[in-house]
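The residues making up each chain are set out below.
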Amino acid sequence: MAVLLGSICLPDNLSAQHLRTITGKITDSQTGEPLPYVTVSVKLTNGTRKGVATNFDGIYTLVITTAIATDSIYTSYVSYTPSRKFIPKVGSHEINFQLSLDTKMLKAINITPKTYVNPAWEIMAQMVKHKPNNDLQKLKSYQYQSYNRIELSLTNLSEKMKQRKVFKQILPLMDSLKKIAGDEGTPVLPIFASETISDYFYQNSPQRKAEFVKRTKSSGVGIEDETLVSQLIGSTFLQYNFYKNYLRLAGKDFISPLSDSWKTFYNYELVDEHDKIAGKEYYKIEFKPKRGHDLAFNGVMWITKDDYALYRVDASVPPDANLNFLSKVRIQQEMVQPMGTTAWLPNKTRITLNINNLTKNLSGFICKFYLSNSDIEINKDYPEDLFKEPVVMADDVAKKDDRYWALNRHDSLTVADKRVYQMIDTVKNLPIVKTYATFAGMLINGYYKIGKVSLGPYPYTVSHNDLEGTVLRLGGITNTRFSDSWILGGYVAYAFKDDKIKYSGSADYIISRKPWTQVGGSFLHDVGQTGYQYESFTLRGNNVFNASINNGSISIRGPFYQDVIKGYVQRDLQRDIRATLTATHSTFDPLTFFEYHDPDDKTIYNNYQTSEITAELQWRPGTRQLQSNKINKRMMVGNGADNPTFTLRYIHGIKGLGGDFNYDKIFGNIQQKVHMGIFGKGEYSITGGFIPSNVPYTLVENHRFNFNTMRFLEFASDRFVSLTYTQHMDGLITNSIPLLKALNVRTVLVADILEGSLSTTNNEAFRRGRTIVDRSLGAVPYVEVGYGVENILKIIRVDFLYRLTHLDHLNVRGELPNTFAPRVTLQFRL
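All values derive from a computational prediction rather than experimental measurement.

**Q** Give a detailed account of the overall build of the protein, specifying residues and quantitative values.
**A** Each helix and strand in the protein was counted, giving 16 helices and 47 strands. Sorting the 830 residues of the protein into buried and exposed places 49% on the buried side. Residue pairs in contact within the protein that sit at least 24 positions apart in sequence constitute 64% of those at least 6 positions apart. Surface accessibility of the protein: about 39,700 Å² in total, with carbon and sulfur atoms responsible for 57%.

Shown next as C-alpha cells:
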C-alpha cells in the first residue's frame, strides 16, 4: 500500500528515478586556492545542461537523477581550461577539480568593428554614476568583527633543492600533502599559518581607524613573536575597495576595473545579463586591460541590476604585467548590503600571491590571505578615545585555546587546513630547518643569532680602502634571550695596512615599551670621513650604504681618526612623534692636511675636540609602533596614505667641557613617497640648514650625499636648502616600446638641486697653507639632473647624471669637474 501511494503521489518524471548528490571543491592547480563562481554542470538527455556555481570557498553541490544525467561532470570558468570527470553510475560522490590557467585565452585579442556598440559600456557608465551611493565611503561610520587567515607555503621546489639534506628530510612530508593540492595539483610545503579575530571600527570624518585584536594563533618556521603577524597583516591591511580608481597592493597601484576612467584602460564583455544567484539576477561582465604590461586586472564581476552595485569580483593581474617576482596576484571579493543603507561592504575577501622562483635552483612561494566580516553595524557615533591607538592587542591575545577558535572561527577548518598546522609543527622542529631559518634571518636583518648574542651586521665584516687596506671586523649585539630590557653591542676591527685596531661598544636600556622610552651610551674609536661626516636624513639606518663607504678611495673624502663618547635619551611623545636628546664628545685628528685659523681668538688648530648637545623631533603622521616583548627594537609601520615625515634637529656646540668651539646648527627635513597611479611614484626629500657660527670647514655642511657629479669637499654651506627628487615611471613609457616591454625595464627621472651660501669668515677658514680655497656656491645653485633605467635583471638600476651648473669650478689641482657621472645601484622593487 505504501509503495502504491508513493507512486501515485510522485510526479511521473521522478517516480522511477533516484536523486543523487555530487559535491566537491574546485581549486587552482598551482596555488591550491579555492575557485569561487565556477560553473559545474552535467549534460541532460534533452540537449540542455543542469548546473550550479561554486560558492566563495570553491565548494559546489549538484543534485542529479540517474535517469537523465550523463556519465560526466564538466567545469567552466573564465581564464581556466575546461575540465571533465567521470561520474560513477551509482551513489552520491565527492568529485574535486584542480583547474589550470588557459594561457592562450589570457593572451587572446578581440577585434571588433568600429561601429560596434558594446552593451557592457552602458552598464559600466551606470555603475560609475551610482558609485557615490554604493561606495562604503558614503557611510558616516561602520564596524564589524573580522576573521582573517594567512598561509605561506613553498612551491615549485627545484630538483637541486630537493637533493639538499634539509629537503630530503621534508620530501616525504610533501608527498603526503599531495592530497591537499589534489591529484592534478602541485604539492606545496606550508611554512607559516595564522588566524586572527578582531573588531574593526572606521569613522569617515575625520577619517580614523581602529582594530582591536581579540585573539591570534600562528605557527611558522623562524617566527619568534606570533602577535607581530596580526599587527602587520591584520584586517587593517586587507581592505580593498574596488570603487577607488586604484588599489594599492604590495606598494604598487593597480588600476581598478571600476575606475572612473574605465574605458581608457579596460575592455569589457557582457557575458550574461540574466545570471541568477540565489534567485536574483545580475550582470556578469568580463574585463581585460587594453595594454599589456599595465598594472591592471583580468577577471569577471557581477553587477546588481537595480542599483548597479558591485556584488562579486574575481580579479587577477595578467602574467605579463610589469611586476617583479610575482607570477600571480589575485583578489576575490564578495559584497553585502547592510540594512538601512545603499552602500555595500566587503563580506569575504581572498588574496593570493604567487612569488616566482628567484633562481632556477630555488623554490617559489604562495601567500594566501582570507578575510571574513560579520556583525556589520553602520552610522554609529564613537567616543574620541576609541581611535587613540590604531591597533590594540588584548591581554590574552596569544592564549592557546582550541575551544575558543571552534566557537568563534567564521568557518570551520577543513581536513586539509588542519593538516597544514600539523605539517608546520613537524617541519619547524627539524634541527636542519632551524639552522636554515637562522641563516635566512641573517640575510634579512644582518645578524646571525647564536644563543643570547647576534653576530653582525655582516655587510661590515670585510672592507678594503686605500688608507687602511683590508679591514676585518667582528661585531655583535645581545638579543631578547639575554634581556628584554638591556641591549649590549660593539665591534672590534683590524686594518692590515695601517696596522691599527678599531673598536666600539654600546649599552642601551628600554625603560618602557609604551610609550617607547630608551636611554643609552656608546664609545667609538675608528676612522671617520669629512665627506660623510654627518648622516643624511634620507639614508639613515641603511647598513648596506654605511658599510659601502668604508671601501674605495677614502683619502679624498677628508679622513680622520675620531674618539666619540655619546649618551642619549629617546621617548615617544605620541605614537607618531619621537623626541631624542643626545650629548656627544668627539675628537678630530685629521689624516690629511688641516689648518683652521679661529677668527675669534686667532688660534691655529691642526686638530680639535667638540662637545655637543643635540635635540631632535620627528613626526611621522599615520605611523604606529608594533608591540612586541620579543624584539628589542622600536618598529614603526604604515606611514599613512602617502604622508610625509618631518624632522627638526638642533645642535649646540659648547666651548669648555672638552670642546674647543661654541656654535649652533639648525636643520629641518621633509621627505615623502607619493603614489601617482599610472605615472608611477615620486620620492622627494627637502633639507634646510642654518649655521650662524664661525666653525672649521669640517663642521659646516659638506655636500656630497645626494650629488653624484659633485667632488668630495668641493662645496660647503652654512646656509642651504636642497631638493632631491626621483620619479619612478614604472612602465608608463617602456610598456609601449616592444623591446623594452619584453625586457620588463622601467624608466627613472632624477633632479637634485642645492641652493646654499657660506659666510665670508667661514669661507676664508678653508686654507691649504696660506691659500684660501673657495668652497662657496655663491649666487648660482648647484643643479644635477638625470635619467635612468631600472629593473635590469630585476635588481639593477643604472642612472646617467649630468651636472648643469658650476661647470668651470676648478679643484685644488686646477682641474675642471666631470659633468657626467653614471651610477649603478642594486635594489629590490616589485
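Moving on, there is more to tell.
**Q** Could you give an account of the confidence of the model for the protein, with specific residues and numbers?
**A** Of all residues in the protein, 86% have pLDDT values of 70 or greater, and the mean over the chain is 84. Here residues 1-16 is a poorly scored stretch, pLDDT under 50, and it has two contacts once near neighbours within four places are set aside; other chains count.

**Q** Mind laying out the sheet that holds strand S5 (residues 72-76), listing which residues take part and the relevant values?
**A** Here four strands make up an open sheet; going across it, the order is S3-S2-S5-S6 and the pairing antiparallel. Only two strands of the sheet have a single neighbouring strand rather than two, namely strand S3 (49-53) and strand S6 (83-86). Between one strand axis and the next, the sheet turns by 25° as a mean value, whatever way the strands run. By the bridge criterion, three bridges tie strand S2 (residues 39-43) to S5 in an arrangement that is antiparallel. Residue serine 41 lies in a different strand from S5, and its bridge partner there is tyrosine 74.

**Q** Explain the environment of lysine 328 residue by residue, including any values.
**A** Along the polypeptide, lysine 328 turns up in strand S18 (residues 326-336). Residue lysine 328 is classed as buried on the basis of its relative accessible area, which comes to 8%. Sequence spacing of lysine 328 and valine 317 is 11 residues, and the spatial spacing of their C-alpha atoms is 6.4 Å. The contact partners of lysine 328, leaving out residues within four places of it in the chain, are Asp28, Thr31, Glu33, Tyr80, Thr352, Leu353 and Asn354. Within the local environment of lysine 328, its side chain forms a polar contact with the side chain of glutamate 33, the two groups lying 2.6 Å apart.

**Q** Pulling in residues and values, what's your account of the nonpolar core?
**A** Membership of the largest hydrophobic core comes to 74 residues, with the highest contact counts inside it found for Tyr60, Ile73, Tyr268, Ile285, Met301, Ile303 and Leu310. In this view, isoleucine 285 contacts Ala120, Ile123, Met124, Tyr268, Glu269, Leu270, Gly299, Val300, Met301 and Ile303; residues no more than four positions away in its chain are not counted. With 28 residues, the next largest nonpolar core counts Phe537, Phe588, Tyr608 and Tyr697 among its residues.

**Q** Could you give me a rundown of the pairing of strand S41 (residues 719-730), with the residues and numbers involved?
**A** Two strands pair when backbone bridges link them, and strand S38 (residues 681-690) and S41 are joined in this way by 10 bridges, in the antiparallel orientation. Bridge pairing links glycine 688 to valine 721 in S41. Relative to strand S42 (residues 746-757), S41 is paired through 11 bridges, and the arrangement is antiparallel. The partner of phenylalanine 720 across the bridge, within S42, is glycine 756.

**Q** With reference to specific residues and values, describe the environment of glycine 558.
**A** The residue glycine 558 is located in the loop between helix H14 (543-548) and strand S29 (559-574) in this model. Glycine 558 sits 140 residues away from threonine 698 along the chain, and the two C-alpha atoms are 8.7 Å apart.

**Q** Explain the side chain of arginine 20 to me, using residue names and the numbers behind them.
**A** Positionally, arginine 20 belongs in strand S1 (residues 19-28). In this structure the side chain of arginine 20 is engaged in a polar contact, spanning 2.4 Å, whose partner is the backbone oxygen of proline 88.

**Q** I'd like to hear about the side chain of asparagine 479, residue by residue, with values.
**A** Examined against the element boundaries, asparagine 479 turns out to sit in the loop between strand S25 (469-478) and strand S26 (486-495). On the basis of relative accessible area, asparagine 479 is assigned to the buried category, the value being 8%. Only 3.1 Å separates the side chain of asparagine 479 from the backbone oxygen of glycine 451, close enough to count as a polar contact. In this structure, asparagine 479 is in contact with Lys449, Gly451, Lys452, Val453, Ser454 and Asn632, ignoring residues within four places of it in sequence.

**Q** Report on the packing of aromatic side chains, specifying residues and quantitative values.
**A** As enumerated under the stated definition, the model contains 40 aromatic pairs in all. Among the aromatic residues, those joined into a ring-pair cluster are Phe560, Phe588, Phe594, Tyr596, Tyr605, Tyr608, Phe661 and Tyr697. In this structure, lysine 263 is placed above the aromatic ring of tryptophan 121, and the distance from its NZ or CZ to the ring centre is 4.5 Å.

What counts, and where the lines are drawn
Residues numbered from 1 in each chain as written. Predicted model: local features only at pLDDT ≥ 70, side-chain atom pairs only at ≥ 80, totals over all residues. Heavy atoms only, no water. Helix = DSSP H or I, 4+ residues; strand = E, 2+ residues; numbered from the N terminus. Buried < 20%, exposed > 50% of the residue type's maximum accessible area, 1.4 Å probe, protein only. Contact = heavy atoms within 4.5 Å. Areas by Shrake-Rupley, 256 points an atom, 1.4 Å probe, with all protein chains shown as cover. pLDDT = per-residue confidence, 0-100. Pairing = 2+ DSSP bridges. Axes fitted to C-alpha atoms, helices over the stretch in contact; angles between N-to-C directions. Polar contact = N/O pair within 3.5 Å; in protein donor to acceptor, adjacent residues only side chain to side chain. Core = buried A, V, L, I, M, F, W, Y, C linked by side-chain atoms within 4.5 Å. Phe/Tyr/Trp six-rings, centres within 6.5 Å; stacked < 30°, edge-to-face > 60°. Lys NZ or Arg CZ within 6 Å of the ring centre and 35° of its normal.

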